[in-house]
Amino acid sequence: MILFKGAADFGKYLEIQKKKQLSVGFVPTMGALHQGHLSLLQASKKDNHITVCSVFINPTQFNNADDFNRYPVTIEKDIQLLMANGCDAVFLPPKEEIYPSNYIPRRYELGGLETILEGHYRPGHFQGVCQVVDRLLQIVGPDKLYVGQKDYQQCKVISKLIEITDRQSAVDLVVVPTVREVDGLAMSSRNLRLSDEQRRLASAIFKALLFTRTNLLRKPIAELKNEARAFLEGKGFIVDYFEIAVASTLTPSENNDDLVIGLVAAYIGSVRLIDNLPLNE
Ligand code: PAF
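**What about the sheet that holds strand β8 (residues 260-268)?**
Strand order across the open sheet formed by three strands is β7-β8-β9, with antiparallel pairing between neighbours. Only two strands of the sheet have a single partner each, and these edge strands are β7 (238-246) and β9 (271-278). Adjacent strand axes in the sheet meet at a mean angle of 10 degrees when their direction is disregarded. Looking at chain direction, β7 and β8 are connected through eight bridges and run antiparallel.

Here's what the structure looks like:
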């Protein structure tokens, strides 16, 4: 595995691969890698000749300085894992390679996606995601881009970014299913910050989603959402939202005939966890 810190060197390496007609799959990450990230890597390795990853904790997508400062950093372990799992090259840029002094932030027109759910609770977050993904796509120019379904709204945002930057014919977005721990907790770098007791309680998020899936046709949506929220609050969570939304648009669903997805964001102590589950696919 080759390590790159400079965008220009990484770009040259990628040019050589493309000249050899080798397809490139790209997995962007913020490090603290777990099995969920490795499933993206495996999906890319299956589809492409070359798989490259980036590890960059993007400051512009954190709307809260504490969250940024506490984001887990496990870079040596990450490099070991990427190597052991057959990653061909990893990009570890310092901040100036992503945001050079002449970088002018652009405003991405994400429409309603930006103001609902995560967008509402984390103002500016999706603009930051778009900035870094736009820049990484510019540097890497992959054939396929791999993202995890755990960040369902982020998947929609990145799809919109590809559309508004006219990259639809250049890059395919591949959304890889969420990988879960044995008790159902969605794998996340933030799980590293949970105490043993919080970790034990955290599986309630998946239980609440399963409850809504089991009862989707048995109860009105408003009642289901209230019960799921109350269940989590009863376990000590502070719930930002528990929403049942139309899976394609993320607008609230009033109607049990829609194809819907349950989406949740909740704090346990100071750790904010998100998860989602298609309820009737
Ligand atoms: O999902 C993530 O880890 C990040 O939001 C991403 C896509 C790597 C951009 O920083």
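From this point, things continue past the structure.
**Considerations on the sheet that holds strand β2 (residues 24-29)**
The parallel open sheet is built from six strands, whose spatial order is β1-β4-β3-β2-β5-β6. Here the strands that pair on one side only, and so sit at the sheet edges, are β1 (2-4) and β6 (172-176). Strand-to-strand twist of the sheet, defined as the mean angle between neighbouring strand axes without regard to direction, takes the value 25 degrees. Relative to strand β4 (residues 89-91), strand β3 (residues 50-55) runs parallel, the two being bridged by three bridges. Bridge pairing links Ser 54 to Phe 91 in β4. The sheet contacts of helix α4 (residues 75-84) involve β1, β3 and β4, and relative to β3 the element is tilted by about 175 degrees.

**Some thoughts on the packing of helix α7 (residues 125-140) against helix α8 (residues 152-164)**
Each pair of packed helices can be described by the angle between their axes along with the distance between the axes. The geometry of α7 relative to α8 is characterised by a closest axis approach of 10 Å and an angle of 55 degrees between their N-to-C directions. When the axis of α7 is compared with that of α8, the two are oblique. Crossing hand, α7 versus α8: right-handed. In contact with Phe 126, Val 129, Cys 130, Val 133, Asp 134 and Leu 137 of α7, α8 contributes Gln 153, Gln 154, Val 157, Ile 158, Leu 161 and Ile 162. Within the contact of α7 with α8, the residues separate by chemical class into nine nonpolar, two polar and one charged.

Definitions and cut-offs
Residues numbered from 1 in each chain as written. Predicted model: local features only at pLDDT ≥ 70, side-chain atom pairs only at ≥ 80, totals over all residues. Heavy atoms only, no water. Pairing = 2+ DSSP bridges. Helix = DSSP H or I, 4+ residues; strand = E, 2+ residues; numbered from the N terminus. Axes fitted to C-alpha atoms, helices over the stretch in contact; angles between N-to-C directions. Contact = heavy atoms within 4.5 Å. Parallel < 35°, antiparallel > 145°, perpendicular 65-115°, else oblique. Left-handed = near helix turned anticlockwise from the far one by under 90°. Nonpolar A, V, L, I, M, F, W, Y, C, P; charged D, E, K, R; others polar.

Structural measurements only, silent on function.
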